[in-house]
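Here is how the chains run, residue by residue.
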Amino acid sequence: MYIGIDLGGTNIAAGLVDESGRIIVQGSTPTISSRPAEEIVADMAKLSLQLIKDAGKSVDEITAVGIGCPGTIDQENGVVVYANNLKMDRFEMAKEMRKYIDLPVYIENDANCAALGEYEINGENAGVFVLITLGTGVGAGLVIDGKLFRGFNGAAPELGHMTLVSGGEMCTCGKAGCWESYASVTALIRQTRQAMEKHPESLMNKLAQENGKVSGRTAFEAAKAGDAAAEEVVKQYAEYVADGIVSVENAFQPRIISVGGGISKEGDYLMNPIKEFVERTRYNRYMPKTKLVTAKLFNDAGIIGAAMNARNSVK
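## A closer look at the overall build of the protein chain
In terms of regular secondary structure, the protein chain is built from 10 helices and 13 strands. In terms of overall size, the protein chain behaves like a compact globule, its C-alpha atoms giving a radius of gyration of 20 Å where 315 residues would be expected to give roughly 20 Å. Based on the C-alpha atoms only, the size of the protein chain along its principal axes is roughly 60 × 50 × 35 Å. The proportion of buried residues among the 315 residues of the protein chain is 50%.

In C-alpha coordinates form, the structure reads like this:
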(Lines give C-alpha, C1' and ligand atoms only; values in the text may rest on other atoms or scores of the structure.)
Protein backbone atom coordinates (compact mmCIF):
# COMPACT_ATOMS: atom_id res chain seq x y z
CA MET A 1 0.00 0.00 0.00
CA TYR A 2 1.01 3.59 -0.64
CA ILE A 3 0.19 7.03 0.69
CA GLY A 4 -0.88 9.41 -2.07
CA ILE A 5 -0.97 13.14 -1.31
CA ASP A 6 -2.44 15.82 -3.56
CA LEU A 7 -1.10 19.16 -2.33
CA GLY A 8 -3.19 22.08 -3.54
CA GLY A 9 -3.27 25.77 -2.78
CA THR A 10 -6.48 25.38 -0.77
CA ASN A 11 -6.50 21.81 0.54
CA ILE A 12 -4.19 18.88 1.24
CA ALA A 13 -5.96 15.71 0.12
CA ALA A 14 -4.49 12.31 0.91
CA GLY A 15 -5.39 8.65 0.72
CA LEU A 16 -4.13 5.18 1.50
CA VAL A 17 -4.04 3.45 -1.88
CA ASP A 18 -3.50 -0.21 -2.77
CA GLU A 19 -1.40 -1.66 -5.59
CA SER A 20 -4.29 -1.47 -8.07
CA GLY A 21 -5.06 2.21 -7.43
CA ARG A 22 -8.04 1.66 -5.12
CA ILE A 23 -8.37 4.22 -2.33
CA ILE A 24 -8.80 2.44 1.03
CA VAL A 25 -9.32 5.55 3.15
CA GLN A 26 -8.93 9.26 2.46
CA GLY A 27 -9.15 12.66 4.08
CA SER A 28 -8.17 16.30 3.75
CA THR A 29 -7.03 19.33 5.70
CA PRO A 30 -6.61 23.02 4.79
CA THR A 31 -3.30 23.98 3.21
CA ILE A 32 -3.12 27.60 4.46
CA SER A 33 -0.65 28.35 1.70
CA SER A 34 0.65 31.60 3.22
CA ARG A 35 2.57 29.79 5.98
CA PRO A 36 6.07 28.26 5.83
CA ALA A 37 6.55 25.13 3.72
CA GLU A 38 7.76 23.19 6.76
CA GLU A 39 4.40 23.69 8.49
CA ILE A 40 2.54 22.47 5.41
CA VAL A 41 4.65 19.30 5.28
CA ALA A 42 4.04 18.72 9.00
CA ASP A 43 0.29 18.73 8.30
CA MET A 44 0.74 16.45 5.29
CA ALA A 45 2.54 13.97 7.54
CA LYS A 46 -0.02 14.32 10.33
CA LEU A 47 -2.87 13.60 7.91
CA SER A 48 -1.02 10.62 6.43
CA LEU A 49 -0.34 9.06 9.82
CA GLN A 50 -3.98 9.55 10.81
CA LEU A 51 -5.14 7.77 7.64
CA ILE A 52 -2.80 4.85 8.32
CA LYS A 53 -4.27 4.62 11.83
CA ASP A 54 -7.86 4.91 10.53
CA ALA A 55 -7.20 1.97 8.18
CA GLY A 56 -5.94 -0.13 11.08
CA LYS A 57 -2.47 -0.31 9.58
CA SER A 58 1.04 0.60 10.71
CA VAL A 59 3.74 2.57 8.90
CA ASP A 60 5.65 -0.69 8.42
CA GLU A 61 2.85 -1.90 6.14
CA ILE A 62 3.22 1.10 3.79
CA THR A 63 5.70 0.85 0.91
CA ALA A 64 6.21 4.51 0.02
CA VAL A 65 4.73 8.02 -0.01
CA GLY A 66 3.87 9.85 -3.22
CA ILE A 67 3.21 13.59 -3.33
CA GLY A 68 1.71 15.63 -6.16
CA CYS A 69 2.72 19.29 -5.87
CA PRO A 70 2.13 22.34 -8.10
CA GLY A 71 5.13 23.91 -9.74
CA THR A 72 8.48 22.77 -11.10
CA ILE A 73 9.72 19.54 -9.52
CA ASP A 74 13.13 17.90 -9.35
CA GLN A 75 11.85 14.33 -9.16
CA GLU A 76 15.26 12.72 -8.74
CA ASN A 77 16.12 14.68 -5.60
CA GLY A 78 12.62 15.20 -4.18
CA VAL A 79 12.88 18.97 -4.43
CA VAL A 80 10.19 21.52 -5.25
CA VAL A 81 12.28 23.82 -7.43
CA TYR A 82 9.61 26.51 -7.52
CA ALA A 83 5.94 26.71 -6.60
CA ASN A 84 4.81 30.33 -6.55
CA ASN A 85 1.42 29.85 -4.88
CA LEU A 86 2.97 27.77 -2.09
CA LYS A 87 6.01 29.99 -1.56
CA MET A 88 8.39 27.11 -2.16
CA ASP A 89 11.79 27.77 -3.70
CA ARG A 90 14.35 24.93 -3.83
CA PHE A 91 12.44 23.26 -1.01
CA GLU A 92 13.62 19.76 -0.09
CA MET A 93 10.15 18.34 0.41
CA ALA A 94 11.05 14.62 0.40
CA LYS A 95 13.74 15.15 3.03
CA GLU A 96 11.36 17.19 5.18
CA MET A 97 8.62 14.55 4.91
CA ARG A 98 10.99 11.79 5.98
CA LYS A 99 11.46 13.58 9.30
CA TYR A 100 7.95 12.40 10.15
CA ILE A 101 7.52 9.22 8.12
CA ASP A 102 10.58 7.06 7.56
CA LEU A 103 9.64 5.78 4.10
CA PRO A 104 10.73 6.49 0.51
CA VAL A 105 9.09 9.74 -0.65
CA TYR A 106 8.54 10.61 -4.32
CA ILE A 107 7.50 14.07 -5.53
CA GLU A 108 5.83 14.79 -8.87
CA ASN A 109 4.03 17.69 -10.51
CA ASP A 110 0.35 17.65 -9.56
CA ALA A 111 -0.94 17.69 -13.16
CA ASN A 112 1.30 14.73 -14.00
CA CYS A 113 -0.06 12.87 -10.97
CA ALA A 114 -3.64 13.54 -12.03
CA ALA A 115 -2.84 12.24 -15.53
CA LEU A 116 -1.25 9.08 -14.16
CA GLY A 117 -4.19 8.50 -11.82
CA GLU A 118 -6.75 8.91 -14.60
CA TYR A 119 -4.66 6.69 -16.87
CA GLU A 120 -4.34 3.91 -14.28
CA ILE A 121 -8.10 3.72 -13.71
CA ASN A 122 -9.65 4.86 -17.00
CA GLY A 123 -6.81 4.89 -19.52
CA GLU A 124 -7.69 1.59 -21.24
CA ASN A 125 -3.95 0.78 -21.43
CA ALA A 126 -3.60 3.43 -24.13
CA GLY A 127 -0.09 3.67 -25.55
CA VAL A 128 -0.36 7.46 -25.51
CA PHE A 129 -2.75 9.16 -23.05
CA VAL A 130 -3.21 12.88 -22.35
CA LEU A 131 -5.10 14.53 -19.52
CA ILE A 132 -6.05 18.20 -19.86
CA THR A 133 -7.32 19.89 -16.69
CA LEU A 134 -9.32 23.10 -16.94
CA GLY A 135 -9.07 25.06 -13.71
CA THR A 136 -7.28 28.16 -12.47
CA GLY A 137 -4.89 27.40 -15.33
CA VAL A 138 -4.73 24.72 -18.00
CA GLY A 139 -2.78 21.75 -16.69
CA ALA A 140 -1.62 18.76 -18.70
CA GLY A 141 -0.09 15.35 -18.21
CA LEU A 142 1.18 12.90 -20.83
CA VAL A 143 1.52 9.15 -20.29
CA ILE A 144 3.41 7.11 -22.89
CA ASP A 145 3.49 3.32 -22.59
CA GLY A 146 2.40 3.56 -18.96
CA LYS A 147 5.08 6.08 -17.97
CA LEU A 148 4.88 9.81 -17.40
CA PHE A 149 6.57 11.91 -20.07
CA ARG A 150 8.52 14.69 -18.32
CA GLY A 151 10.96 15.88 -20.99
CA PHE A 152 14.71 15.80 -20.51
CA ASN A 153 14.56 18.19 -17.54
CA GLY A 154 11.41 16.98 -15.78
CA ALA A 155 9.41 20.12 -16.66
CA ALA A 156 7.16 18.78 -19.46
CA PRO A 157 4.43 19.03 -20.62
CA GLU A 158 3.31 22.65 -20.22
CA LEU A 159 0.63 22.42 -22.90
CA GLY A 160 -1.35 25.27 -21.35
CA HIS A 161 1.41 27.62 -22.51
CA MET A 162 1.17 26.79 -26.19
CA THR A 163 0.32 29.95 -28.10
CA LEU A 164 -3.33 30.03 -29.12
CA VAL A 165 -3.60 33.71 -30.14
CA SER A 166 -0.37 35.45 -31.09
CA GLY A 167 -0.08 38.69 -29.11
CA GLY A 168 -3.34 37.94 -27.33
CA GLU A 169 -4.39 38.05 -23.67
CA MET A 170 -1.53 38.24 -21.18
CA CYS A 171 -0.79 35.03 -19.31
CA THR A 172 0.50 34.73 -15.75
CA CYS A 173 3.64 33.14 -17.23
CA GLY A 174 4.53 36.51 -18.78
CA LYS A 175 3.76 35.58 -22.38
CA ALA A 176 0.76 36.80 -24.39
CA GLY A 177 -1.79 34.54 -26.04
CA CYS A 178 -1.28 31.24 -24.19
CA TRP A 179 -4.00 28.58 -24.43
CA GLU A 180 -4.38 28.96 -20.66
CA SER A 181 -5.32 32.62 -21.15
CA TYR A 182 -8.40 31.53 -23.11
CA ALA A 183 -9.34 28.01 -21.97
CA SER A 184 -8.84 28.11 -18.18
CA VAL A 185 -11.78 28.69 -15.85
CA THR A 186 -10.06 31.94 -14.89
CA ALA A 187 -10.34 32.98 -18.55
CA LEU A 188 -13.96 31.82 -18.70
CA ILE A 189 -14.81 34.03 -15.73
CA ARG A 190 -13.16 37.00 -17.48
CA GLN A 191 -15.08 36.26 -20.67
CA THR A 192 -18.32 35.99 -18.69
CA ARG A 193 -17.75 39.35 -16.99
CA GLN A 194 -17.03 41.01 -20.32
CA ALA A 195 -20.29 39.65 -21.75
CA MET A 196 -22.22 40.77 -18.66
CA GLU A 197 -20.95 44.33 -19.09
CA LYS A 198 -21.90 44.29 -22.75
CA HIS A 199 -25.32 42.75 -22.04
CA PRO A 200 -26.68 44.12 -18.74
CA GLU A 201 -30.03 42.48 -19.53
CA SER A 202 -28.45 39.03 -19.55
CA LEU A 203 -29.50 36.40 -17.03
CA MET A 204 -25.82 36.08 -16.17
CA ASN A 205 -26.03 39.36 -14.23
CA LYS A 206 -28.95 38.12 -12.14
CA LEU A 207 -27.28 34.79 -11.41
CA ALA A 208 -24.04 36.46 -10.39
CA GLN A 209 -25.93 38.77 -8.05
CA GLU A 210 -27.82 35.85 -6.48
CA ASN A 211 -24.65 33.82 -6.00
CA GLY A 212 -22.58 36.77 -4.84
CA LYS A 213 -19.93 36.21 -7.50
CA VAL A 214 -19.20 35.32 -11.12
CA SER A 215 -18.04 31.73 -11.41
CA GLY A 216 -17.22 29.26 -14.16
CA ARG A 217 -20.80 28.01 -13.93
CA THR A 218 -22.49 31.40 -14.43
CA ALA A 219 -22.49 31.38 -18.23
CA PHE A 220 -23.39 27.69 -18.40
CA GLU A 221 -26.39 28.07 -16.09
CA ALA A 222 -27.68 31.07 -18.04
CA ALA A 223 -27.07 29.38 -21.39
CA LYS A 224 -29.05 26.31 -20.34
CA ALA A 225 -31.92 28.68 -19.51
CA GLY A 226 -31.80 30.04 -23.08
CA ASP A 227 -29.89 33.29 -22.51
CA ALA A 228 -28.42 34.28 -25.89
CA ALA A 229 -25.41 36.21 -24.53
CA ALA A 230 -24.49 33.30 -22.29
CA GLU A 231 -24.85 30.84 -25.14
CA GLU A 232 -22.30 32.88 -27.09
CA VAL A 233 -19.87 32.83 -24.14
CA VAL A 234 -20.17 29.05 -23.81
CA LYS A 235 -19.81 28.53 -27.56
CA GLN A 236 -16.68 30.70 -27.75
CA TYR A 237 -15.15 29.10 -24.63
CA ALA A 238 -15.73 25.59 -25.98
CA GLU A 239 -14.01 26.64 -29.22
CA TYR A 240 -10.99 27.96 -27.32
CA VAL A 241 -10.70 24.66 -25.45
CA ALA A 242 -11.19 22.62 -28.62
CA ASP A 243 -8.68 24.64 -30.65
CA GLY A 244 -5.94 23.76 -28.19
CA ILE A 245 -7.03 20.12 -28.06
CA VAL A 246 -6.66 19.91 -31.85
CA SER A 247 -3.04 21.04 -31.52
CA VAL A 248 -2.40 18.46 -28.78
CA GLU A 249 -3.95 15.74 -30.93
CA ASN A 250 -1.97 16.79 -34.00
CA ALA A 251 1.29 16.80 -32.03
CA PHE A 252 0.96 13.47 -30.20
CA GLN A 253 -1.88 11.50 -31.85
CA PRO A 254 -2.79 10.03 -28.45
CA ARG A 255 -5.20 7.15 -28.20
CA ILE A 256 -7.18 9.08 -25.58
CA ILE A 257 -7.44 12.73 -24.54
CA SER A 258 -9.28 13.09 -21.23
CA VAL A 259 -10.65 16.48 -20.17
CA GLY A 260 -10.86 17.14 -16.44
CA GLY A 261 -11.15 19.97 -13.95
CA GLY A 262 -14.31 21.25 -12.28
CA ILE A 263 -15.80 22.72 -15.45
CA SER A 264 -15.73 19.26 -17.07
CA LYS A 265 -18.69 18.39 -14.81
CA GLU A 266 -20.79 20.30 -17.36
CA GLY A 267 -20.54 17.04 -19.30
CA ASP A 268 -22.00 16.87 -22.80
CA TYR A 269 -23.02 20.53 -22.72
CA LEU A 270 -19.32 21.37 -22.88
CA MET A 271 -17.94 18.26 -24.56
CA ASN A 272 -20.30 18.02 -27.52
CA PRO A 273 -19.31 21.38 -29.09
CA ILE A 274 -15.66 20.56 -28.34
CA LYS A 275 -15.95 17.24 -30.15
CA GLU A 276 -17.70 18.88 -33.10
CA PHE A 277 -14.93 21.48 -33.47
CA VAL A 278 -12.20 18.85 -33.15
CA GLU A 279 -13.86 16.66 -35.78
CA ARG A 280 -14.07 19.59 -38.22
CA THR A 281 -10.52 20.82 -37.76
CA ARG A 282 -8.28 17.86 -36.86
CA TYR A 283 -5.49 17.07 -39.30
CA ASN A 284 -5.93 13.30 -39.19
CA ARG A 285 -8.95 12.39 -41.30
CA TYR A 286 -8.01 8.93 -42.55
CA MET A 287 -6.27 6.95 -39.79
CA PRO A 288 -7.86 5.84 -36.48
CA LYS A 289 -8.79 8.91 -34.50
CA THR A 290 -8.14 10.08 -30.95
CA LYS A 291 -10.89 9.32 -28.45
CA LEU A 292 -12.00 12.43 -26.55
CA VAL A 293 -13.56 11.74 -23.13
CA THR A 294 -14.46 13.44 -19.86
CA ALA A 295 -12.23 12.59 -16.90
CA LYS A 296 -13.96 10.45 -14.29
CA LEU A 297 -11.86 10.61 -11.12
CA PHE A 298 -12.09 14.36 -10.45
CA ASN A 299 -10.50 15.08 -7.03
CA ASP A 300 -9.35 11.47 -6.55
CA ALA A 301 -7.06 11.56 -9.61
CA GLY A 302 -4.24 13.39 -7.84
CA ILE A 303 -4.29 11.07 -4.82
CA ILE A 304 -4.29 7.92 -6.93
CA GLY A 305 -1.68 9.27 -9.34
CA ALA A 306 0.69 10.33 -6.54
CA ALA A 307 0.41 6.86 -5.02
CA MET A 308 0.92 5.13 -8.37
CA ASN A 309 3.94 7.30 -9.09
CA ALA A 310 5.40 6.11 -5.79
CA ARG A 311 4.57 2.51 -6.75
CA ASN A 312 6.29 2.88 -10.12
CA SER A 313 9.28 4.67 -8.60
CA VAL A 314 9.89 2.01 -5.96
CA LYS A 315 9.90 -0.69 -8.64
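## A short note on the sheet that holds strand β2 (residues 11-17)
An order of β3-β2-β1-β4-β8 is seen for the 5 strands of this open sheet, with the pairing classed as mixed. The sheet is open, and its two edges are formed by β3 (23-30) and β8 (105-109), each paired on a single side. Neighbour to neighbour, the strand axes of the sheet diverge by 15 degrees on average, direction disregarded. The pairing of β2 with β3 spans 7 bridges and is antiparallel. Residue pairing in the sheet places A13 in a bridge with S28 of β3. Helix-sheet contacts for helix α1 (residues 37-54) involve β1 (2-7), β2, β3 and β4 (64-69), and the interaxial angle to β3 is about 145 degrees.

## Observations concerning the packing of helix α8 (residues 228-252) against helix α9 (residues 268-281)
Put simply, α8 and α9 touch, their axes get as near as 8 Å, and they point 50 degrees apart. Judged on the interaxial angle alone, α9 and α8 are oblique. The handedness of the crossing between α8 and α9 is right-handed. Counting all contacts with α8, which are made through V234, Y237, A238, E239, V241, A242, D243, I245, V246 and E249, the residues of α9 involved are Y269, L270, P273, I274, F277, V278 and T281.

## Some words on helix α3 (residues 110-122)
In a regular helix each residue adds 1.5 Å, so 13 residues correspond to 18 Å; α3 covers 18 Å between its end C-alpha atoms and thus fits that length. For α3, the complete set of buried residues consists of A111, N112, C113, A114, A115, L116, G117, E118 and Y119. For α3, the N-terminal capping position is held by N109, with its side-chain oxygen 2.8 Å away from the main-chain nitrogen of A111. Just past α3, the residue E124 takes up positive phi, approximately 55 degrees.

## Quick look at α9
With 14 residues, α9 should cover 20 Å at 1.5 Å per step; its first-to-last C-alpha distance of 19 Å lies within 8% of that length. Here α9 has its buried residues at L270, M271, I274, F277 and V278. Buried positions in α9, seen along its axis, are confined to an arc of 130 degrees and lie on one side of it. Facing away from the buried side of α9 by over 90 degrees, the exposed positions are D268 and R280. Turning to α9, the residues buried within the fold contact α7 (218-224), α8, β12 (256-260) and β13 (291-294).

## Comments concerning the pairing of β1
The buried fraction of β1 is high, at 5 of 6 residues. Where β1 and β2 come together, 6 bridges link them in antiparallel fashion. Paired with D6 across the two strands is A13, which belongs to β2. Linking β1 to β2, which pair antiparallel, is a turn of 3 residues. The pairing of β1 with β4 spans 5 bridges and is classified as parallel.

## Structural notes on the sheet that holds strand β11 (residues 147-148)
Strand order in the open sheet made by the 5 strands is β11-β10-β9-β12-β13, with mixed pairing throughout. Whereas interior strands pair on both sides, the edge strands pair on one side only; in this sheet they are β11 and β13. In this sheet, strand β10 (residues 138-144) lies alongside strand β9 (residues 128-134) in antiparallel orientation, the contact comprising 7 bridges. Counterpart to I132 in the pairing with β10 is A140. The sheet strands contacting α3 are β9, β10, β11 and β12, and the helix crosses β10 at an angle near 50 degrees.

What counts and what doesn't
- Residues numbered from 1 in each chain as written.
- Predicted model: local features only at pLDDT ≥ 70, side-chain atom pairs only at ≥ 80, totals over all residues.
- Heavy atoms only, no water.
- Helix = DSSP H or I, 4+ residues; strand = E, 2+ residues; numbered from the N terminus.
- Rg over C-alpha atoms; globule rule 2.2 N^0.38 Å.
- Buried < 20%, exposed > 50% of the residue type's maximum accessible area, 1.4 Å probe, protein only.
- Pairing = 2+ DSSP bridges.
- Axes fitted to C-alpha atoms, helices over the stretch in contact; angles between N-to-C directions.
- Contact = heavy atoms within 4.5 Å.
- Parallel < 35°, antiparallel > 145°, perpendicular 65-115°, else oblique.
- Left-handed = near helix turned anticlockwise from the far one by under 90°.
- Expected span 1.5 Å × (residues − 1).
- Polar contact = N/O pair within 3.5 Å; in protein donor to acceptor, adjacent residues only side chain to side chain.
- Arc of directions from axis to C-beta.

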